[in-house]
Amino acid sequence: KQWYQRRVAITAGIEKRDEDGNDLQKAEEKEEEEVVMKRDPENQEEEEEAVVEERDPENQEEDENEEVEKRDPENQDEKEKEEKREDTAVSESAEAAEASEVEDLEVRTVVPRFTLVDHRGRAINGQQEGLLLFNGGTVCDDGFTTNSANAICRTMGYTSQSHFRHGLVYGPFQSRKRIGLDDVLCSSGHWSSCRSTTHHNCVHGEDIMLTCQGTGFKLVNRAGHTITGRTEGLLTFQHGTVCDDYFNMNAAHAICRIMGFASGVQYRHGLRYGSMQSRKRITMDDVRCRASYWNYCSHRSAHNCAHYEDIFLTCQPGSLTHPHGFRIVDWNGANSRRGVEGLLLYNGGTVCDDHFNINAAHAICKLMGFRSATRYRHGDAYVEQERKQIRMDDVICRGSSWSLCRYSTRHNCSHREDIMLTCNAASGE
């Protein structure tokens, strides 16, 4: 009986284990079926259909249309270009309107070298008629109009032309010169609108004689009235002030000369006229002059200045000469006599021989009132010479008139390169 009961218990345990095993197997099979269902692409088609539809570009075209346009660089570039064109058109129209009143001085920073000279080749105040020269040669009248005359007067610092004509007026002096410019065609009164050629088909009977008027520059007192005598005044250009950056005595002489004075006396900067001065625009900056003629000067209309840097200028009334700063001295520092060699000084310092030639020697002697130069050389001849500064270098002269010369106040010289000069008879002898 006990054996039978034990056997029944064992049998019941085995059956239970089998049932548990069957349940576990069924659960595993069910899990496997679910995994297979997930892996089966046929069963996945319906599940992935919505995802595919979301990714399908054909179905998305309308939804993404705006985003594509935003991201598309070509469409964006076209829009930006169109906006730029509109902005450019607006700025160009604004600039054109402004240019009708005030010339673009940035364009004038580099200008051709025009001068007006009298029958002896001396530079003159442009408010009287003179022979128009371009780099030392005459200018032919082919294509020359009022626009051309206005543009050229403005490059020389005047406001406009008052009269021009053509002709062989100065005889042999004029006819010996080359013709340096032809076909000066200008669409407006600003040099930036002009074109020209150095090739010509002209004779000297077609040379331009030109008269300019106004300067754009004025010296005014505290009440704003124009100063004509030897009195300090605020320097204005086109009704605005002039900043002192790079301003020097060459600039003072050049500006005084084109206003009809003989020369500059002195200049300084400051805010001296209160609100009358501070209300004005600053219309000129970076005035750099290599010589005391306006066509050797450059400047800008943009500025980085305040009104305490405004230029106050004093000019010397009289004929159009100015203190040149040259002397010829002997070993004792006294002025050398005519025909006696001496050390050439400029503003108390020596002159280096780099590029110095007989044209420079003649020009300097004439400037000091002599007829011409006899000779020049370089050397360290005087004890006092070593104690002086070297004030001038690279004197380059295209002719024997000082108006055709340029130079630098910086140097790379030693005193053994100082110029010793001999001038002959005075011009009146």
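Scroll up a little and you will see the structure.
### Quick notes on the nonpolar core
Proteins that are soluble and globular tend to have nonpolar side chains buried together. Counting 44 residues, the largest nonpolar core has Leu-132, Leu-210, Phe-217, Leu-235, Trp-294 and Leu-313 as the members making the most contacts within it. With 6 residues, helix H7 (residues 249-258) is the largest single contributor of residues to this core. Residues contacting Leu-313, with those up to four places away along its chain left out, are Leu-219, Thr-231, Glu-232, Gly-233, Leu-235, Ala-252, Ile-255, Cys-256, Met-259, Gln-266 and Tyr-267. Formed by 27 residues, the second largest nonpolar core is a distinct cluster that contains Ile-328, Val-351, Ala-360 and Val-395.

### Quick word on the pairing of strand E20 (residues 405-408)
Side chains on a regular strand alternate between the two faces of the sheet. Across the two faces of E20 the burial differs, with Cys-405 and Tyr-407 buried and Arg-406 and Ser-408 not buried at all. The pairing of strand E19 (residues 390-397) with E20 spans 3 bridges and is antiparallel. Bridging across to E20, Ile-396 finds its partner in Arg-406.

### A short note on the state of the cysteines
By the definition in use, this model includes 9 disulfides. Note that Cys-352 is cross-linked by a disulfide to Cys-413, the S-S spacing being 2.0 Å. Taking the sign of the S-S torsion, -90° for the link of Cys-352 and Cys-413, the bridge is left-handed. Pair noted here: Cys-352 is in the loop between strand E17 (349-351) and helix H9 (358-367) and Cys-413 is in the loop between E20 and strand E21 (419-423), with a separation of 61 residues, a long-range link. Accessibility classification places Cys-352 together with Cys-413 in one group, the buried group.

### Topic: the packing of aromatic side chains
If you walk through the whole model with that rule in mind, you get 10 aromatic pairs. For the pair Phe-217 and Phe-237, a centre-to-centre distance of 4.9 Å together with 50° between the ring planes defines the contact as tilted. Of this pair, Phe-217 sits in strand E8 (residues 217-220) while Phe-237 is found in strand E9 (residues 233-237), placing the two residues 20 residues apart along the sequence. Summarising the burial analysis for this pair, Phe-217 and Phe-237 share the class buried. Through a chain of ring-to-ring contacts, the aromatic side chains of Phe-326, Tyr-346, Trp-402 and Tyr-407 assemble into a single cluster. When the ring centre of Phe-312 is taken as origin, the NZ or CZ atom of Arg-272, which lies over that ring, is 5.7 Å away. In this structure, Arg-288 packs its charged tip against the face of Tyr-246, placed 3.6 Å from the ring centre.

### Considering the pattern of salt bridges
As enumerated under the stated definition, the model contains 4 salt bridges in all. In this structure, Arg-300 and Asp-286 form a salt bridge, with 2.8 Å as the shortest nitrogen-oxygen distance. Taken together, the residues span a long stretch of sequence, with Arg-300 in strand E13 (residues 297-300) and Asp-286 in strand E12 (residues 282-289) at a distance of 14 residues. Using a relative accessible area of 27% as the deciding quantity, one classes Arg-300 as partly exposed. A salt bridge links Arg-377 to Glu-341; its shortest N-O distance comes to 2.9 Å. With Arg-377 in strand E18 (residues 373-378) and Glu-341 in the loop between strand E15 (326-329) and strand E16 (342-346), this residue pair connects regions lying 36 residues apart in the sequence. The exposure class assigned to Arg-377 is partly exposed, which follows from its relative accessible area of 40%. A relative accessible area of 23% places Glu-341 in the partly exposed class.

What counts and how
Residues numbered from 1 in each chain as written. Predicted model: local features only at pLDDT ≥ 70, side-chain atom pairs only at ≥ 80, totals over all residues. Heavy atoms only, no water. Core = buried A, V, L, I, M, F, W, Y, C linked by side-chain atoms within 4.5 Å. Buried < 20%, exposed > 50% of the residue type's maximum accessible area, 1.4 Å probe, protein only. Helix = DSSP H or I, 4+ residues; strand = E, 2+ residues; numbered from the N terminus. Contact = heavy atoms within 4.5 Å. Pairing = 2+ DSSP bridges. Disulfide = S-S within 2.5 Å. Phe/Tyr/Trp six-rings, centres within 6.5 Å; stacked < 30°, edge-to-face > 60°. Lys NZ or Arg CZ within 6 Å of the ring centre and 35° of its normal. Salt bridge = Lys/Arg side-chain N within 4 Å of Asp/Glu carboxyl O.

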